[in-house]
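An overview of the molecular structure
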Amino acid sequence: MTELEDEVTKVLEAHWSALKAKDADAVIALVSEDFLSCGSDPDEFWSKTDMYNTVKQMLTNSELKIDITIDKREIRITKDGNSAIAFEQMFLIPFSRKIPVRTVYHLVKENKTWLIDFTSTGFIPNNNDIEKLNKALE
């Protein structure tokens, strides 16, 4: 399983490298045809085409600096070795230095290639900060 985890790690690293390089084509090359992404906003449900258009537009912002350090990553491979669930926790510095983000990925192996077919990204405040956030949103 370590070899398969390394393969999945390479896909996740390629995803971040493509984002840092502001290469929307390289980002979208890592996802399956039936890809679905749930963003941090309740209205963000993106297909492969939606994600490509969103990422392409986002990456045109010359002021956007994608400064990401993954604080924690876990990968779980299914017993048959054909799919995996991974998650990463980090601070997305362009968006918040106070609230961490967690992205959950589902990856599938298609024709010996790992592809991301689902992501869900959400801010994950510390439990003791939830009351403060609720008050701030009043």
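Residues numbered from 1 in each chain as written. Predicted model: local features only at pLDDT ≥ 70, side-chain atom pairs only at ≥ 80, totals over all residues. Heavy atoms only, no water.

Looking at the pattern of salt bridges
A full pass over the atoms with the stated rule returns seven salt bridges. Across the pair Glu 13 and Arg 73 runs a salt bridge whose closest N-O atoms are separated by 2.7 Å. In this pair, Glu 13 sits in helix H1 (residues 2-20) while Arg 73 sits in strand E3 (residues 70-77), placing the two residues 60 residues apart along the sequence. Using a relative accessible area of 39% as the deciding quantity, one classes Glu 13 as partly exposed. Taking relative accessible area as the criterion, Arg 73 reaches 23% and is therefore assigned partly exposed. (Salt bridge = Lys/Arg side-chain N within 4 Å of Asp/Glu carboxyl O. Helix = DSSP H or I, 4+ residues; strand = E, 2+ residues; numbered from the N terminus. Buried < 20%, exposed > 50% of the residue type's maximum accessible area, 1.4 Å probe, protein only.)

Things to note about unusual backbone geometry
Although it is not a glycine, Lys 22 adopts a positive phi angle of roughly 55°. In this structure Lys 22 comes out as partly exposed when scored by relative accessible area, which is 32%.

Structural notes on the pairing of strand E5 (residues 101-110)
Along any regular strand the residues' side chains alternate between the sheet's two faces. Sheet analysis places strand E4 (residues 83-90) next to E5, joined by eight bridges and oriented antiparallel. Each residue of the ladder has a partner; that of Phe 87, found in E5, is Val 104. (Pairing = 2+ DSSP bridges.)

Considerations on the sheet that holds E4
Spatial strand order, E2-E1-E6-E5-E4-E3: six strands in an open sheet with mixed pairing. Either end of the sheet is taken by a strand with one partner, and the two such strands are strand E2 (45-46) and E3. In the packing of helix H3 (residues 48-59) onto the sheet, contacts are made with strand E1 (31-38) and E2, and the angle to E1 comes to roughly 70°. (Contact = heavy atoms within 4.5 Å. Axes fitted to C-alpha atoms, helices over the stretch in contact; angles between N-to-C directions.)

Some points on the packing of aromatic side chains
One pass over the structure, following the stated rule, counts zero aromatic pairs. Here the basic side chain of Arg 102 rests over the ring of Phe 87, its NZ or CZ set 5.9 Å away from the ring centre. (Phe/Tyr/Trp six-rings, centres within 6.5 Å; stacked < 30°, edge-to-face > 60°. Lys NZ or Arg CZ within 6 Å of the ring centre and 35° of its normal.)

Notes on the nonpolar core
Within soluble globular proteins, side chains that are nonpolar tend to cluster in buried spots. Counting residues in each nonpolar core, the largest one holds 31 residues, and the members touching the most others are Val 8, Trp 16, Leu 107 and Trp 114. Elements with a minimum of two residues in this core: H1, helix H2 (24-28), E1, H3, E3, E4, E5 and strand E6 (113-123). Broken down by element, the residue count for this core peaks at seven residues, all from H1. Residues within four places of Trp 114 in sequence aside, it is in contact with Leu 4, Glu 7, Val 8, Val 11, Ile 77, Gly 81, Asn 82, Ser 83, Ala 84, Leu 107, Val 108 and Lys 109. (Core = buried A, V, L, I, M, F, W, Y, C linked by side-chain atoms within 4.5 Å.)

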